Amino acid sequence: MITITNLSKNYGKNKVLQDVNINIPENKISFLMGENGAGKTTFIKCLVQLENYKGQILFDEKEFQDVRDEVLAIYDDAPLYTNLSGIENLDLMNFRKLKKKECYNIALKYLSGDILKRKVSTYSYGQRKKLFIALVEICSPKYLIMDEISNGLDYESMKGLKKSLKEWSKNMTIILTGHQFDFYNNLIDELYIVKDSQITYFENLDLNKENLGDIYDENII
Ligand SMILES: Nc1ncnc2c1ncn2[C@@H]1O[C@H](COP(=O)(O)OP(=O)(O)OP(=O)(O)O)[C@@H](O)[C@H]1O
């Protein structure tokens, strides 16, 4: 479980998050829903210490630095070595220390050999996303955080990712954010609303029956 206690984050006078207290359960898919600028990415950046904040974030009672090699965060400006090939990037970022050949074989499920051997600077937006998705399978992290992962993926890749996320969540604590509710409907286990500097857990909702678009209309607008 990830425990967030009294988390506050300001950018100057903009109080993006104020005294947030939530728990993210283990081995579930938790989804953060909120309008543009609500603070979803900020929250994720706090989780992985890319932003300073007030409060406490613990991963199964441990500080981030003690679980750093078990956390994988994927967000739009996540860094890649653009002068290196896709496979060289995977080899460098692979914290499970799989052999390069094993990384390559896993990555082939997501990108062709030709693309994997090309410099990342030549990749399309969707191909960069697929490289990170391959990294999830290579690293098999305990905690997986994906900010707007479905953006830029083609239909087949989205279907494949949805299936993989379900499978991964048997052994992974997963946090997702996004706006394309078609992708997140019938996928997520837990829902959190990000609004007015707060993150609120939605209790007792049957997410398999309820439509995220309707929940958004009723609770966010
Ligand atoms: N580095 C920054 N400096 C100043 N303000 C920032 C910075 N990053 C984000 N903000 C502001 O913080 C607020 C929350 O932004 P954030 O990116 O977390 O929103 P979001 O919920 O992820 O939005 P979206 O759905 O559009 O991706 C916004 O008002 C944004 O303008």
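Where an unreviewed UniProt entry is consulted, the protein appears under the name ABC-2 type transport system ATP-binding protein, with the organism given as Fonticella tunisiensis.

Engineer: Can you walk me through the site of the ligand in this structure?
Structural biologist: Lining the immediate environment of the ligand, one finds 13 residues, of which G37, K40, T41, T42 and H179 sit closest. One nitrogen or oxygen atom from the main chain of A38 is found 3.2 Å from an oxygen atom belonging to the ligand. Elements represented by at least two residues in the shell around the ligand include exactly β2 (14-24) and α1 (40-47). Element by element, the count of residues in the shell around the ligand is highest for α1, at 3 residues.

Engineer: Even after reading the chapter, I still don't get the sheet that holds strand β8 (residues 190-195), so can you show me in this structure?
Structural biologist: Either a parallel or an antiparallel arrangement is found when strands of a sheet pair, and the pairing is made through backbone hydrogen bonds. On the basis of which strands lie adjacent, the open sheet formed by 6 strands has the order β5-β6-β7-β3-β8-β9 and mixed pairing. Looking at strand neighbours, the two that pair on one side only are β5 (71-74) and β9 (198-201), the edges of this open sheet. Strand after strand, the sheet turns through a mean of 15 degrees between neighbouring axes, direction not considered. Examined bridge by bridge, strand β6 (residues 143-147) and strand β7 (residues 173-177) share 5 bridges and lie parallel to one another. Note on β7: the bridge partner recorded for L144 is I174.

Engineer: Just checking my understanding: could you explain the layout of surface pockets for this structure?
Structural biologist: Which parts of space are left empty comes out when a probe the size of a water molecule is rolled across the atoms. Estimated volume of the largest pocket: approximately 520 Å³. Secondary-structure elements contributing two or more residues to the lining of the largest pocket are β5, α3 (86-93) and α6 (125-139). Put simply, the second largest pocket is a space of about 160 Å³.

Engineer: Mind showing me how you'd approach the side chain of D147 here?
Structural biologist: Checked against the element boundaries, D147 lands in strand β6. No salt bridge forms around the buried D147; measuring N to O, its nearest opposite-charge neighbour K45 is 6.7 Å away. Only 2.7 Å separates the side chain of D147 from the side chain of T41, close enough to count as a polar contact. When residues no more than four places from it in sequence are discounted, the contact partners of D147 are T41, I44, I74, Y75 and T177.

Engineer: Got a minute to help me understand the packing of aromatic side chains in this structure?
Structural biologist: Aromatic rings in a pair are described by how distant their centres are and how their planes are angled relative to each other. Considering all chains together, one arrives at 7 aromatic pairs under this definition. Relative to Y184, the ring of F31 lies with its centre 4.5 Å away and its plane at 25 degrees, an arrangement referred to as stacked. Highlighted residues: F31 in strand β3 (residues 29-33) and Y184 in helix α8 (residues 181-184), separated in sequence by 153 residues. Each member of the aromatic cluster is reached from another via a ring pair, and the members are F31, F181, F183, Y184 and Y216.

Engineer: Help me out: how do you make sense of the environment of I188 in this one?
Structural biologist: Turning to its location among the elements, I188 is positioned in the loop between α8 and β8. For I188, a relative accessible area of 6% corresponds to the buried category. As a C-alpha pair, I188 and L176 span 12 residues in sequence and 8.6 Å in three-dimensional space.

Engineer: Hey, could you run me through the nonpolar core in this one?
Structural biologist: Grouped burial of nonpolar side chains is what soluble globular proteins tend to show. One finds I4, L144, M146, L165 and W168 to be the most contacted residues of the largest nonpolar core, which totals 78 residues. The greatest single-element share of this core, amounting to 8 residues, is contributed by α6. Discounting residues that sit within four places of it in the chain, M146 has contacts with I74, I133, V136, L161, L165, W168, I175, L176 and T177.

Engineer: Before we go on, may I ask you to explain α6 in this structure?
Structural biologist: For an α-helix, the turn length of 3.6 residues means that residues three or four places apart are oriented alike. Here α6 is 15 residues long and its end C-alpha atoms lie 21 Å apart, about the 21 Å a rise of 1.5 Å per residue gives. Where α6 terminates, the next one or two residues include S140, which has phi positive at roughly 45 degrees.

Quick notes on the rules
Residues numbered from 1 in each chain as written. Predicted model: local features only at pLDDT ≥ 70, side-chain atom pairs only at ≥ 80, totals over all residues. Heavy atoms only, no water. Near = heavy atom within 4 Å. Polar contact = N/O pair within 3.5 Å; in protein donor to acceptor, adjacent residues only side chain to side chain. Helix = DSSP H or I, 4+ residues; strand = E, 2+ residues; numbered from the N terminus. Pairing = 2+ DSSP bridges. Axes fitted to C-alpha atoms, helices over the stretch in contact; angles between N-to-C directions. 1 Å grid on protein atoms, 1.4 Å probe; cavity = no way out; pocket = protein on both sides within 12 Å on 5 of 7 lines; lining within 4 Å. Points joined across faces, edges and corners; volume = space filled by probe spheres on them. Buried < 20%, exposed > 50% of the residue type's maximum accessible area, 1.4 Å probe, protein only. Lys, Arg positive; Asp, Glu negative; His and termini not counted. Salt bridge = Lys/Arg side-chain N within 4 Å of Asp/Glu carboxyl O. Contact = heavy atoms within 4.5 Å. Phe/Tyr/Trp six-rings, centres within 6.5 Å; stacked < 30°, edge-to-face > 60°. Core = buried A, V, L, I, M, F, W, Y, C linked by side-chain atoms within 4.5 Å. Expected span 1.5 Å × (residues − 1).

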